[in-house]
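Structure at a glance
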Amino acid sequence: MALSFRICSSPLICKATLSNADNNRNHHHANDAAFIRRAADLAEMSAGLTSPHPNFGCVIATSSGKVFGEGYLYAQGTKPAEALAVEAAGEFCRGSTAYLNMEPGDCHGDHTAVSALVQAGVERVVVGIRHPLQHLRGSAIRELRSHGIEVNVLGEDFESKVLEDARKSCLLVNAPLIHRACSRVPFSVLKYAMTLDGKIAASSGHAAWISSKLSRTRVFELRGRSDAVIVGGNTVRQDDPRLTARHGQGHTPTRIVMSQSLDLPEKANLWDASEVSTIVVTQRGARKSFQKFLASKCVEVVEFDMLNPREVMEYFHLRGYLSILWECGGTLAASAISSSVIHKVVAFVAPKIIGGRNAPSPVGELGMVEMTQALNLIDVCYEQVGPDMLVSGFLQPIPDLLPVIPSEDATFEIDPTVNPFESSIIFFYKTWDLYGSFSNFSPHSIRMPYVGENDDYMTWSSVEHYYQANKFVGVENPMALDCVEKIRTARSPEEAALIGRKTQRHKPELVRKDWEDVKIEVMYMALKCKFSTYPHLKSMLLSTAGSVLVEASPHDLFWGGGREGEGLNYLGRLLMQLRSEYMGESSVSAENTSLA
Ligand SMILES: NC(=O)C1=CN([C@@H]2O[C@H](COP(=O)(O)OP(=O)(O)OC[C@H]3O[C@@H](n4cnc5c(N)ncnc54)[C@H](OP(=O)(O)O)[C@@H]3O)[C@@H](O)[C@H]2O)C=CC1
Ligand SMILES: Nc1c(N[C@@H]2O[C@H](COP(=O)(O)O)[C@@H](O)[C@H]2O)[nH]c(=O)[nH]c1=O
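First, a word on scope: everything that follows refers to the structure included in this document. Residue positions are given per chain, counting from 1 as you read along its sequence in written order. Lettering for chains starts from A, numbering for ligands starts from 1, and both go in the order in which the items are written. The predicted origin of the model limits local features to residues at a pLDDT of at least 70 and limits the giving and counting of side-chain atom pairs to 80 or more, whereas totals for whole chains, interfaces and linings rest on all residues. Note that the side-chain values use all heavy atoms of the structure and ignore hydrogens as well as water.

To continue, consider the packing of aromatic side chains. Pairing of aromatic rings covers Phe, Tyr and Trp, the last counted by its six-membered ring, and requires centre-to-centre distances within 6.5 Å; plane angles under 30 degrees mean stacked, over 60 mean edge-to-face, and any other angle means tilted. Evaluated as defined, the whole model comprises 16 aromatic pairs. Ring geometry for Phe68 versus Phe92: centroids 4.8 Å apart, planes at 15 degrees, classification stacked. Pair noted here: Phe68 is in strand β2 (residues 67-72) and Phe92 is in the loop between α3 (81-89) and β3 (97-102), with a separation of 24 residues, a long-range link. Classification of Phe92 as partly exposed rests on a relative accessible area of 48%. With a centroid separation of 5.4 Å and 80 degrees between ring planes, the pair formed by Trp460 and Tyr466 is classed as edge-to-face. On the basis of relative accessible area, Tyr466 is assigned to the buried category, the value being 0%. Through pairs of rings, three or more aromatic residues link up here, namely Tyr467, Trp515, Phe558, Trp559 and Tyr570. Throughout this description, the term charge over a ring refers to an Arg CZ or Lys NZ atom that lies within 6 Å of the ring centre and within 35 degrees of the ring normal. Lying over the aromatic face of Phe558, Lys519 brings its terminal NZ or CZ to 4.1 Å of the ring centre. Against the face of Tyr582 rests Lys538, its NZ or CZ located 4.4 Å from the ring centre. A run of H or I in DSSP counts as a helix once it spans at least four residues, and a run of E counts as a strand once it spans at least two, with each numbered from the N terminus. Between buried and exposed lies partly exposed: a residue is buried under 20% and exposed over 50% of the maximum accessible area for its type, with that area taken using a 1.4 Å probe on protein chains only.

The following block contains the structure:
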């Protein structure tokens, strides 16, 4: 635009040039937005089937609006959306644009999605949102760009109202995964059916059927998209529900019953676990005899010291559940809303009136006394379903994608009251941070021989001392040996790092030839030694289960996460690897104990 101003002599012509450019840009934005929304719709087609994988859709088109191919990920382990769309478009891919609702999550060395686009000759890729998981975020985009493909990410490379709406549809499709990445509880939807006078059952407790058959089919679909459906003990007593997805497709969610008393009937549809599993969560010590009875029916019972919705949701988050549908009555619904675990509400309103002073309503006591305290839903949608009205909206916004790794300056400015446990990414960097002991500079000495040698164990004041010294080990040069000793006796990890880095930069001939090949292994051995030597560090590492660990170094793009998540975060990765090894060991030893 600036260019057109400079080359124009007449202001009138300038105006015309500008508005043409604007028109052009708006036209492109409209096309981009429409195709991204289409990609999101395609992704939506397999919602529930791909879990815990995200939902991916891909459209291959020209920027002028001609579609050549489409695809979506059908289920975990099947062909990626991008590969399917490329197959459908065939030779028309060359020079085309690929629209993806989300950045591909090429991981574990699988680059099928990116390779398909690169090999097909796609010229431009428009991405709705980056991958929500920090360790995958940005890597496919970088990879595509490294092959000379133009990649535009909505909200980053260009913004407009129409593109923002398209981006929102991408956030919606993968809301459960985004929640998983940003919080410690699964994405929870509270669903209920009520009469026009706000009752979910008659005064007698009779509740079948308030909503129409068409609405109930929608409920089956909702169940099919959820990892679990949850009800309270009283709904089991009153309704004897089945909670299955009976629309003929999709997967069947686990059924969860929350009951403090375990005063539940012996005969109940939910105890038939032959096709769908049921988990009962209860207060520790509740009715042991009934727990035994449930176990005999293959119903799993999980006891909690404090049975409340937040504890229960955190537990299922750790078990890998991404999305939960709450189909309980008002008592548990109120408790769940108060605990801030409900993100979305889906209400079917039937044009019926039942009356009754004691007839239950969808949400029980929230302790609010003034209408100004009412919770306002956001992004509300209204839809007629047969005779009913479906009203849905969010109690909590879908979190925007993960916060970028704070820069060093920003780290100091971060609110000290922020509880890192609220986030599923744990950043560590400075040794005085909450998780500062994960840093290589933490003052935990280790006893290790040089890598590749089994004798001559010696004490290294920190992992950093050991790591830096290993750069020069085995090099037949007295200066290298001298450097190792200088690093080993350095008075602080900072000093050790300074000597190691300086020597590496100024005297590269002193660095062992295989350093690039062995440095990860060196670091891993040192970390393993450190966490095995100090049991409290091991416990701290295990306490982070379920969280992504990121070394928030803004400078080190290999060991750290970088300023904006562009770093490879190898230190965080190694710690997560170590953590999963320890977790494997503890589950094996738990199994052995229970077998014994
Ligand atoms: N129209 C609709 O959409 C629906 C209607 N209904 C109707 O609602 C009525 C039941 O409502 P309601 O009694 O509210 O049933 P709930 O499903 O809310 O069950 C409440 C029970 O949940 C258990 N519970 C466990 N932990 C907690 C906790 N922290 N906070 C609260 N409850 C907890 C307790 O079970 P325990 O007592 O076993 O310890 C409690 O009695 C029935 O008539 C049913 O037909 C129910 C669901 C949907
Ligand atoms: N009454 C009512 C609902 N009630 C919910 O559905 C459960 C019964 O599920 P199932 O046994 O699988 O058919 C019941 O326990 C309660 O959670 N849902 C609705 O969509 N509309 C209705 O009118």
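Let's shift gears to the sheet that holds strand β13 (residues 378-385). If you walk across this open sheet you meet the nine strands as β10-β9-β8-β7-β11-β6-β12-β14-β13, and the pairing is mixed. Whereas interior strands pair on both sides, the edge strands pair on one side only; in this sheet they are β10 (300-304) and β13. Put simply, the sheet's adjacent strands are angled 20 degrees from each other on average, direction ignored. Pairing geometry for strand β6 (residues 187-195) and strand β11 (residues 323-326), over four bridges, is parallel. Bridge pairing in β11 links Val189 to Leu325. Residue contacts are defined here by distance: any two heavy atoms, one from each residue, within 4.5 Å place the two residues in contact. For helices, the fitted line uses only the C-alpha atoms of the stretch in contact; every axis is such a line through C-alpha atoms, and the angle between N-to-C directions lies from 0 to 180 degrees. Packed onto the sheet, helix α10 (residues 288-296) meets β9 (278-283) and β10 and runs at close to 145 degrees relative to β10. What makes two strands pair is DSSP finding at least two bridges between them.

Below, the discussion takes up the site of ligand 2. Close to ligand 2 lie 17 residues; Lys191, Ile210, Ser211, Arg242 and Glu327 are nearest. Residue Lys191 places a side-chain N or O atom 2.8 Å away from a nitrogen atom belonging to ligand 2. The definition of a polar contact used here is a pair of N or O atoms within 3.5 Å, where within protein one atom must be able to donate a hydrogen and the other to accept one, and adjacent residues in sequence count solely through side-chain atom pairs. In the environment of ligand 2, a nitrogen atom lies 2.9 Å from a nitrogen or oxygen atom belonging to the backbone of Ala207. Surface burial for ligand 2 is 90%, taken as the share of its 520 Å² of free accessible area covered by protein chains. Of all the secondary-structure elements, those providing two or more residues to the shell around ligand 2 are β6, α8 (213-224) and α9 (233-239). A per-element tally of the shell around ligand 2 places α8 first, with three residues. Its residues placed into classes, the shell around ligand 2 shows seven nonpolar, three polar and seven charged. The criterion for a residue being near a molecule or strand is simple. One of its heavy atoms has to lie within 4 Å of it. Only the protein chains shown count as covering a residue, and every accessible area follows the Shrake-Rupley method with a 1.4 Å probe. Residues are grouped as follows: nonpolar covers Ala, Val, Leu, Ile, Met, Phe, Trp, Tyr, Cys and Pro; charged covers Asp, Glu, Lys and Arg; every other residue, Gly included, is treated as polar.

The working definition used for a salt bridge is a side-chain nitrogen of Lys or Arg within 4 Å of a carboxyl oxygen of Asp or Glu. Scanning all chains against the criterion turns up 23 salt bridges. Of the charged contacts, one joins Arg223 and Glu327 as a salt bridge, the two residues approaching to 2.5 Å between their closest N and O atoms. Of this pair, Arg223 sits in helix α8 while Glu327 is found in the loop between β11 and α12 (330-338), placing the two residues 104 residues apart along the sequence. Its relative accessible area of 9% is what places Arg223 among the buried residues. We classify Glu327 as buried; its relative accessible area is 10%. The salt bridge involving Glu581 is made with Lys528; its shortest N-O contact spans 3.6 Å. You can see Glu581 sitting in helix α19 (residues 570-595) and its partner Lys528 sitting in helix α17 (residues 515-533), a full 53 residues away along the chain. Taking relative accessible area as the criterion, Glu581 reaches 30% and is therefore assigned partly exposed. For Lys528, a relative accessible area of 32% gives the class partly exposed. Residues participating in the shared-partner salt-bridge network are Arg284, Lys288, Glu303 and Asp305.

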